[in-house]
Structure formats: structure tokens, C-alpha cells
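The residues making up each chain are set out below.
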Amino acid sequence: MKLSHFNFNLPAELLAEFPAENRDESRLMVVNRKTKTIEHKLFKDIIDYFDDGDVMILNNTKVFPARMYGNKEKTGARIEVFLLRELNAEQRLWDVLVDPARKIRIGNKLYFGDDDSLVAEVIDNTTSRGRTLRFLYDGSYSEFRRKLTELGETPIPKYINRDVTEEDAERYQTIYAKEEGAVAAPTAGLHFSKHLLKRLEIKGINFAEITLHVGLGTFNPVEVEDLSKHKMDSEELFISQQACDIVNKAKENKRKICCIGTTSMRAIESSVSSNKTLNPYVGWTNKFIFPPYDFSIADCMVTNFHTPKSTLLMMISAFCGHDLMKKAYEEAIKEKYRFYSYGDAMLIL
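Just so it is clear, the structure is predicted and the values come from calculations on it, not from any experiment. (Residues numbered from 1 in each chain as written. Predicted model: local features only at pLDDT ≥ 70, side-chain atom pairs only at ≥ 80, totals over all residues. Heavy atoms only, no water.)

Student: Could you give an account of the overall build of the chain, with specific residues and numbers?
Tutor: Secondary structure assignment for the chain yields 7 helices and 17 strands. Taken over the C-alpha trace, the chain has a radius of gyration of 21 Å; the compact-globule value for 349 residues is 20 Å, and the two agree within 12%. Oriented by its inertia axes, the alpha-carbon framework of the chain measures out at about 65 × 45 × 40 Å. Counting every position in the chain, which comprises 349 residues, the buried fraction comes to 52%. Within the chain, contacts between residues at least 6 apart in sequence are counted, and of these 71% link residues at least 24 apart. Taking the 49 positively charged and 51 negatively charged side chains of the chain as two groups, their mean positions are separated by 4 Å. (Helix = DSSP H or I, 4+ residues; strand = E, 2+ residues; numbered from the N terminus. Rg over C-alpha atoms; globule rule 2.2 N^0.38 Å. Buried < 20%, exposed > 50% of the residue type's maximum accessible area, 1.4 Å probe, protein only. Contact = heavy atoms within 4.5 Å. Lys, Arg positive; Asp, Glu negative; His and termini not counted. Charge placed at Lys NZ, Arg CZ, Asp CG, Glu CD.)

Encoded structure:
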């Protein structure tokens, strides 16, 4: 399949700028691959599709406040600094994106906070917008990390054309987020409320938690017509033995295994044994799933509605079947489903 198969016209008003009032009351489109049918529900109705012994795989990564604003020395120009990943804790080296990038050269210093209490020096160029920064801060490592949190803001996606609110700090985070390290939320998980998780637990649904620290590369649109030439950014991944045991037992017992989000799906597909069971994993993955693809473990998934030409849409096409996915997306646009991070959800059975 080519890139042009993944283009569609998405009306701008369907890009969700704010989350639904209640997490579990966003809309849910249920797409059945066997019967090729589509149903319209609320997210909390998802419980009706699962039974005792079924498993949901959750990505428990936690978003950190990755977007900061500093001022360039001498000129005072305001510069956005987006923290991507820590390279060296001891030396306080970080991989970042800067905007506007043309103004930021090796040797420049940036000052953060009203009192300039945090300073960073540019020590390398990595890509056109990428830089390596060394932070200069008098204090212990834990004080430094507290300072970053204090000065940073929730990294809501760029398309959301508004200022960050206090509510974003809570809502752009799953309620089961534990392991800090993502710069973008695994958005399918945003629909789960504490109450819904409790109801699922009471019904006997088991949860396997994995950690995939979502990077910005997830959102990079594909720009090559030949999909096999697209390179994914690497993201850090942890799959414990405990998670493997929960998933493999469900598989052995022929129970449903449902990935909550494309990140969970990419995670487990990065660590499949030769007999199609899940293996523990510690490392990095740059797995790119596009059609045709043979999925090994999950037989259903929850996902949001994605933007044209995104790698996320390509995975959904591979899992759902391209024609059925197109039918579902046409219906979603007609029925005014909300798209993207704060949008509505789809359950593919």
C-alpha cells in the first residue's frame, strides 16, 4: 500500500480541542471485523464487550511537563524548548527541540524562570530543530528535576490551538500513568475513568501493564510514498515477566486480548516469541506496523481517530482491514466524531 491510500479530508472542526466532560462518556464506535458492522456507543459501554478472564494491555507511561519557554542571552528572544529525552543525568544533558531553531547555535545560553534560576547551554546540533542542551543548576539532581517540572508545561499537541490549562495536567494523562518518560499521552487510555476500571475489574477483566515512553515521532506524518522507506523514531520499552504471564495465560485459555492504544500494540508486537507468545523486553523499539501485517497476540484494540498520513492510521488499516477502516472513518466524519488526542474512541473487535 502507498501513502496516498491514507489521505482523507478531515474537517478542521472535528479536531478535538478539549476533552469530553467525563472521561468515559466520550463516544465509542464499535467496529466488528467479522460481521463488518459498526455500532455507536459511549465509551463506558465497552464493558459489555468483555468477560471474565479477558485481558486489556495498558501502557502505563506518564507524560512529563516537557514544554518550556526560555530567553536567549543578550537578545532576550523567547524560545520554546521541548524536552525529548535525558541523555546523561550526571551531566544534565538533554535532547531537545527548539523553536525558532534558526536563532539557536552552539554556545548560546538560554535562561528559564522569572528569576533565571535555570540556565542551559547549547552544546550540539542534532537535527534541523534538534539540539543537545547542558543544564546548569546549583542543586541536587532531585532538586533539578523538580525545577524542570515547575518550569515545564503539559505538552498538549501543537494542533490544539489554545493555551494550556490547569485541567490539561490531569486530563492529558491516563489515570493509571505510573512511569514518567513520555512527551505525548497514549491517548486511547484517556477514556478510562477510575469507576470504569473498577467495574471492569469486578467483571473479571485482567490488566497487563507495559511501559512504552511515547516520543514525538509517533505524530510525524509519513512523507514517503513507499511506506517501507519510512523510519520510525525509537522509543523506550519495558515489558515485565508479570505482564507476559497475564497475556500468555489469556492466550492459552483463548480469552480476548485487547490492546489499549496503538502504543500498546506496537509494544507487544516488538517482543513476540517464535511461537507467538509475549516475551519480556527492556530496550528500544522503532517498530512500524503497516499493511499487510500479521498480528501475533491481540485480537481486539481500542484507539482514537487519527489524522491523515499518520503511522497510527496505517496500523489501524493493518489491524482492521483497509476497506473497513475507510468505511468506519467515513461514518465517523459523517456522524461528527471528534478526532485525535482529546477525541472519541474506536473499539475494533
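Further notes follow.
Student: Pulling in residues and values, what's your account of the sheet that holds strand β8 (residues 109-112)?
Tutor: With respect to topology, 6 strands assemble into a closed barrel ordered β5-β6-β7-β10-β9-β8, the strand pairing being antiparallel. Strand-to-strand twist in this sheet, taken as the mean axis angle between neighbours without regard to direction, amounts to 45°. Its contacts with the sheet place helix α1 (residues 141-151) against β5 (67-72), β6 (78-88), β7 (93-99), β8, β9 (118-125) and β10 (130-136), and it is angled at close to 90° to β9. (Pairing = 2+ DSSP bridges. Axes fitted to C-alpha atoms, helices over the stretch in contact; angles between N-to-C directions.)

Student: Could you give an account of the side chain of histidine 191, with specific residues and numbers?
Tutor: Note on placement: histidine 191 falls in the loop between β11 (179-182) and α3 (194-202). Those residues within four positions of histidine 191 in sequence are excluded, and the remaining contacts are Arg23, Asp24, Ser26, Phe43, Leu196, Asn304, Gly343, Asp344 and Ala345.

Student: Before we move on, can you summarise the packing of helix α5 (residues 262-269) against helix α6 (residues 311-320) with the specific residues and values?
Tutor: Their axes nearest at 11 Å, the elements α5 and α6 cross at an angle of 70°. Here α6 runs roughly perpendicular to α5, going by the angle between their axes. Once α5 is placed against α6, the crossing between them reads as left-handed. Packed against α5, whose contacting residues are Thr262, Met265 and Arg266, the element α6 presents Leu312, Met315, Ile316 and Phe319 at the interface. Of the residues assigned to the contact of α5 with α6, the class counts are 5 nonpolar, 1 polar and 1 charged. (Parallel < 35°, antiparallel > 145°, perpendicular 65-115°, else oblique. Left-handed = near helix turned anticlockwise from the far one by under 90°. Nonpolar A, V, L, I, M, F, W, Y, C, P; charged D, E, K, R; others polar.)

Student: Can you tell me about the nonpolar core, naming the residues and giving the values?
Tutor: Core analysis: the largest hydrophobic core is formed by 63 residues, its most contacted members being Met29, Ile57, Met265 and Met346. The element contributing the most residues to this core is α6, with 7 residues. (Core = buried A, V, L, I, M, F, W, Y, C linked by side-chain atoms within 4.5 Å.)

Student: An account of the sheet that holds strand β14 (residues 257-260) is needed here, citing residue identities and associated values.
Tutor: Strand order in the open sheet formed by 9 strands is β2-β1-β17-β16-β14-β3-β12-β13-β15, and the pairing between neighbours is mixed. Each end of this open sheet is capped by a strand with a single partner; those strands are β2 (37-42) and β15 (281-285). For this sheet, the mean inter-axis angle between neighbouring strands, taken without regard to orientation, is 20°. Here strand β12 (residues 206-212) pairs with strand β13 (residues 235-239) via 2 bridges, running antiparallel. Among the inter-strand pairings, leucine 212 is bridged to a residue of β13, identified as leucine 237. Across the sheet, helix α4 (residues 241-252) is in contact with β3 (55-59), β12, β13 and β14; its angle to β12 comes to roughly 135°. Against the sheet, helix α7 (residues 322-334) contacts β1 (27-32), β2, β16 (300-304) and β17 (345-348), and its axis sits at roughly 155° relative to β1.

Student: With reference to specific residues and values, describe unusual backbone geometry.
Tutor: Between aspartate 99 and the following residue, proline 100, the backbone shows a cis peptide bond with an omega angle of 0°. Relative to the helices and strands, proline 100 resides in the loop between β7 and β8. The omega torsion across proline 291 and proline 292 is -5°, close enough to zero to call that bond cis. Its location among the elements puts proline 292 in the loop between β15 and β16.

Student: Quick one: what's the story with the pairing of β14, residue by residue and with numbers?
Tutor: In the case of a regular strand, side chains alternate between the two sheet surfaces. Across the two faces of β14 the burial is the same, with Ile257 and Cys259 and Cys258 and Ile260 all buried. Two elements, β3 and β14, share 3 bridges in a ladder whose sense is parallel. By the bridge assignment, isoleucine 57 is partnered in β14 with cysteine 259. One ladder, built from 3 bridges, connects β14 with β16; its direction is parallel.

Student: Account for the state of the cysteines, with residues named and values stated.
Tutor: Evaluated as defined, the whole model comprises 0 disulfides. With no disulfide of its own, cysteine 259 lies closest to cysteine 258 among cysteine sulfurs, the gap being 7.0 Å. Cysteine 300 provides the cysteine sulfur closest to cysteine 320, a residue in no disulfide bond, and the two sulfurs are 12 Å apart. Judged by relative accessible area, which is 7%, cysteine 320 ranks as buried. (Disulfide = S-S within 2.5 Å.)

Student: Mind laying out the environment of cysteine 320, listing which residues take part and the relevant values?
Tutor: Tracing the backbone shows cysteine 320 in helix α6. Taking the C-alpha atoms as reference points, cysteine 320 and alanine 12, separated by 308 residues in sequence, lie 25 Å from one another.

Student: Describe α7, with residues and values.
Tutor: Note: α-helices contain 3.6 residues per turn, so residues at a spacing of three or four share the same orientation. Over its 13 residues, α7 extends 18 Å from the first C-alpha to the last, a length consistent with the 18 Å expected when each residue adds 1.5 Å. Within α7 the residues assigned to the buried category are His322, Leu324, Met325, Ala328, Tyr329 and Ala332. Seen along its axis, α7 keeps its buried residues to an arc of 160°; they face one direction. Away from the buried face of α7 by more than 90 degrees, exposed residues Asp323, Glu330 and Lys334 are located. Buried residues along α7 sit in contact with β1, β2, β16, α6 and β17. (Expected span 1.5 Å × (residues − 1). Arc of directions from axis to C-beta.)

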